[in-house]
Amino acid sequence: MREKVAYITGCSLLYVNLYNFEGRYDLVKFVKLAAEAGLYVHLRIGPYVCAEWNYGGFPLWLHFIPGIKFRTDNEPFKAEMQRFTEKIVDMVKQEKLYASQGGPIILSQIENEYGNVGSAYGPAAKTYINWAAKMAVSLDTGVPWVMCQQADAPDPIINTCNGFYCDQFTPNSNNKPKMWTENWSGWFLAFGGAVPYRPVEDLAFAVARFFQLGGTLQNYYMYHGGTNFGRTSGGPFISTSYDYDAPLDEYGLLRQPKWGHLKDLHKAVKLCEEAMIATEPTTTSPGPNLEATVYKTGSGLCAAFLANTATSDKTVTFNGNSYILPAWSVSILPDCKNVVLNTAKINSMTVIPSFTRQSLVGDVASSKALSSGWSWINEPVGISKKDAFVKPGLFEQINTTADKSDYLWYSLSTNINGDEPFLKDGTLTVLHVDSLGHGLHAFVNGKLAGSGTGKNGAKFSVDIPITVVPGKNTIDLLSLTAGLSNYGAFFDLVGAGITGPVKLMGQNGTTVDLSSQQWTYQIGLQGEDIGLTSGSSSQWISQPNLPTKQPLIWYKTSFDAPAGDEPVAIDFTGMGKGEAWVNGQSIGRYWPTNVSPNSGCTDSCNYRGAYNSNKCRTNCGKPSQTLYHVPRSWVKSSGNTLVLFEEVGGDPTQIAFATKQVGSLCSHVSESHPLPVDMWNTDSESGKRSGPVLSLACPHPNQVISSIKFASFGTPHGSCGNFSHGQCSSRSALSIVQKACVGSKSCSIGVSIKTFGDPCRGVEKSLAVEVSCK
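Definitions and cut-offs
Residues numbered from 1 in each chain as written. Predicted model: local features only at pLDDT ≥ 70, side-chain atom pairs only at ≥ 80, totals over all residues. Heavy atoms only, no water. Helix = DSSP H or I, 4+ residues; strand = E, 2+ residues; numbered from the N terminus. Rg over C-alpha atoms; globule rule 2.2 N^0.38 Å. Buried < 20%, exposed > 50% of the residue type's maximum accessible area, 1.4 Å probe, protein only. Contact = heavy atoms within 4.5 Å. Areas by Shrake-Rupley, 256 points an atom, 1.4 Å probe, with all protein chains shown as cover. Lys, Arg positive; Asp, Glu negative; His and termini not counted. Charge placed at Lys NZ, Arg CZ, Asp CG, Glu CD. Polar contact = N/O pair within 3.5 Å; in protein donor to acceptor, adjacent residues only side chain to side chain. Disulfide = S-S within 2.5 Å. Phe/Tyr/Trp six-rings, centres within 6.5 Å; stacked < 30°, edge-to-face > 60°. Lys NZ or Arg CZ within 6 Å of the ring centre and 35° of its normal.

Visitor: Please explain the overall build of the protein as it appears in this structure.
Guide: Along its length, the protein carries 12 helices and 42 strands. Relative to its length of 774 residues, the protein is compact, with a C-alpha radius of gyration of 30 Å against a globular reference of 28 Å. Across its three principal axes, the protein shows a C-alpha extent of roughly 95 × 65 × 55 Å. When each of the 774 residues of the protein is scored for burial, the buried share is 53%. Within the protein, contacts between residues separated by at least 24 positions form 70% of all contacts whose residues are at least 6 apart in sequence. For the protein, the exposed area adds up to about 33200 Å²; of that, 51% sits on carbon and sulfur atoms. Each charge class in the protein was averaged separately, 62 positive and 63 negative side chains, and the resulting centres sit 4 Å apart.

Visitor: Explain the side chain of threonine 653 to me, please; I cannot follow it from the model alone.
Guide: With respect to the element layout, threonine 653 can be found in the loop between β37 (640-646) and β38 (656-670). A relative accessible area of 10% means that threonine 653 is categorised as buried. There is a polar contact of 2.6 Å between the side chain of threonine 653 and the side chain of aspartate 651.

Visitor: For this particular structure, what's the right way to read the state of the cysteines?
Guide: Here, disulfide denotes a covalent bond that connects the sulfur atoms of two cysteines. What the rule picks out here adds up to eight disulfides. The residue that forms a disulfide with cysteine 666 is cysteine 720, at a sulfur-sulfur distance of 2.0 Å. Taking the sign of the S-S torsion, 70° for the link of cysteine 666 and cysteine 720, the bridge is right-handed. Here cysteine 720 lies in the loop between β40 (705-714) and α11 (733-741) and cysteine 666 lies in strand β38, a separation of 54 residues in the sequence. Judged on exposure class, the residue cysteine 666 and its partner cysteine 720 are both buried. The residue that forms a disulfide with cysteine 741 is cysteine 747, at a sulfur-sulfur distance of 2.0 Å. Measuring the twist about the S-S bond at about 85°, one finds the cysteine 741-cysteine 747 disulfide to be right-handed. Here the two residues cysteine 741 and cysteine 747 agree in accessibility, since each one is buried. The closest cysteine sulfur to the non-disulfide-bonded cysteine 50 is located on cysteine 148, 9.4 Å from its own sulfur. Looking at cysteine 272, it has no disulfide partner, and the nearest cysteine sulfur is the one in cysteine 336, 8.2 Å off. You can call cysteine 272 buried: its relative accessible area is 1%.

Visitor: For this particular structure, what's the right way to read the environment of valine 294?
Guide: Inspection of the secondary structure assignment puts valine 294 in strand β13 (residues 290-296). Note: C-alpha distance between valine 294 and cysteine 336 (42 residues apart in sequence) is 7.6 Å. Valine 294 has contacts with Glu280, Pro281, Thr282, Cys302, Ala303, Ala304, Phe318 and Cys336, leaving out every residue within four places of it along the chain.

Visitor: Is there a simple way to explain the packing of aromatic side chains in this structure?
Guide: Under the defined criterion, the tally for this structure stands at 46 aromatic pairs. Where tyrosine 242 meets tyrosine 244, the ring centres are 5.3 Å apart and the plane angle is 45°; that geometry is what we call tilted. An aromatic cluster is defined as three or more aromatic residues linked by ring pairs; in this entry it consists of Tyr48, Tyr55, Phe58, Phe70, Phe77, Tyr114, Tyr121, Tyr128, Trp131, Phe490 and Phe491. In this arrangement the basic side chain of arginine 198 is found over the ring face of tyrosine 165, its NZ or CZ atom lying 5.3 Å from the centre. One Lys or Arg, lysine 577, reaches over the ring of tryptophan 591 and ends 5.0 Å from the middle of that ring.

What follows is the structure in structure tokens.
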């Protein structure tokens, strides 16, 4: 984090760069923690990062440097980029964190996905990339540098791949390894959108294909989901949650079966490692949409990958043996004979999470009692700050606010004589406003008249019926941003705010254009300036009649943290749109009234076939996000302060805590599943013949399996939480599972007729189990 501060000294302007690497911005501490955990680090410096981050990660002041043009052969930009890159490199060098110094950082990255947009910058793009490469290499880190999505990355920079699939990617030189810097484990959530997810069968298929065809390094984006605290999300309209359907979720919990299946996958690849690093692969096609890749050495080492890229199951003969390959899957054979893992067959258990809600202000029985725990302050409509200024015409918002706030007031007083042409047919008038985005609220004579938002921050217009009165009328337009643009060529020049025209229109077609008149501007809110976010102001009002469902109100309450150690969220159902702070820390923008479209979702996503970001979505017709993560480290056991700024109107008494817990554990394993990878031993033929096993384990150390919700051996169908018996079902399945699992922290059950008997001969059977832990 960095900001540039200007100091006037005599007749010159001195810029001083201030860096903030404290608290959760402590880069050095993060890298050292990674090393303590036994991890290597790829330090992706950028400094442009994209990442659905506000302004692509750039500080807004960069935009105001005279003559600057971002991400091109421009001297002011290159000077700032080099200064930042050198600062980061010097920091980690001083701590001896590069692998060349014995540290964990094995790679660094300069720029990010520039190849996607470089053509828009013309010939200067090539000279810029060559400069960036030369600058980075000159810093002498002792580790390789990479550029992702940069096919023309100059030597010795390694060009790498980002995407859902990178198996077909080849670097631009035979001397460079095949690297995948971003394997998208899911997709980001936008306010106004449904919740995306990526089936783990497809994700595992993509990873296995990459290593099958010579891949050397693969990185998940994201492996640990996160939260866009404060105003950090960009896009715009990117939600506060950045969970990304990652193997570790936004709350730090394992997302199962994604986490477990990927763990098994990498263990399976690891079993092939000795052969894979000793030789180059040979790939043949045993049939349409089938590939067999073999790593074989003269010393007898052999590992194989069998891939079926079709959307239907196939049978393949390999090395004299027959293998059934499910659709869109890869089988891994560490000894070129036995299948240790198939990407479409999951041994890992599934976890269904649940959220338990409780009142924010304790066990109270009525809304009146709830409201007694809240105080409030009204945010003034229109101009209320001394630093307001008057200018003719309509100003673009980002250049005006420098992103110091989401909000900019445009205020105008106009006199109505009563004989204006647009009033001759009556007093009903329409206020027309054109905006570059992202949203606005129109107040006429102090009252909210209407609002509008642009989809995904695009330009939009509103036509709001208003009533004006003879004499002075005040029009106050509150324009808002919801995260600045972060991606695309010239994203830094994408504007926001009300650029007009702003017109009064009568029913008879006559108009009055107000755009060029003298407007008064106010950057941000009064409450932001006087420090209401901390909750410490003396101006808070505490009275029995709490104002609700009204715009522009600050709310405050005190609360005790929920008992236990489960992750905490706040459910903002009942609120409109705004921002929330816990003990002065912003937990981000909330917007539960922004609802996703009614169509485009599916109850169960078919993982077979190429994935894209719109393929698998849930939560259609519902708020994009209602639960907002509050880190436990931010709260005390008691005496915490919650502050809200409600923009459009809501009822804070409906707000509740939600703690995330495990609802159910499930697993569904067939007779054709490989045995668990942990049980696989290349030296033990008997182990390989032992057959598949269903395993379950409670996630917390003090828990045991308390009950069996479902158990069936035969032909059960459905998914976790919705299993049902098929026509074939063993009568003893429930009792066998109960005996093996109830009262234990974990249990493992062989999936075979030896365990359960044979309820239906000649049919492939499976075992499906759902349990609870307490």
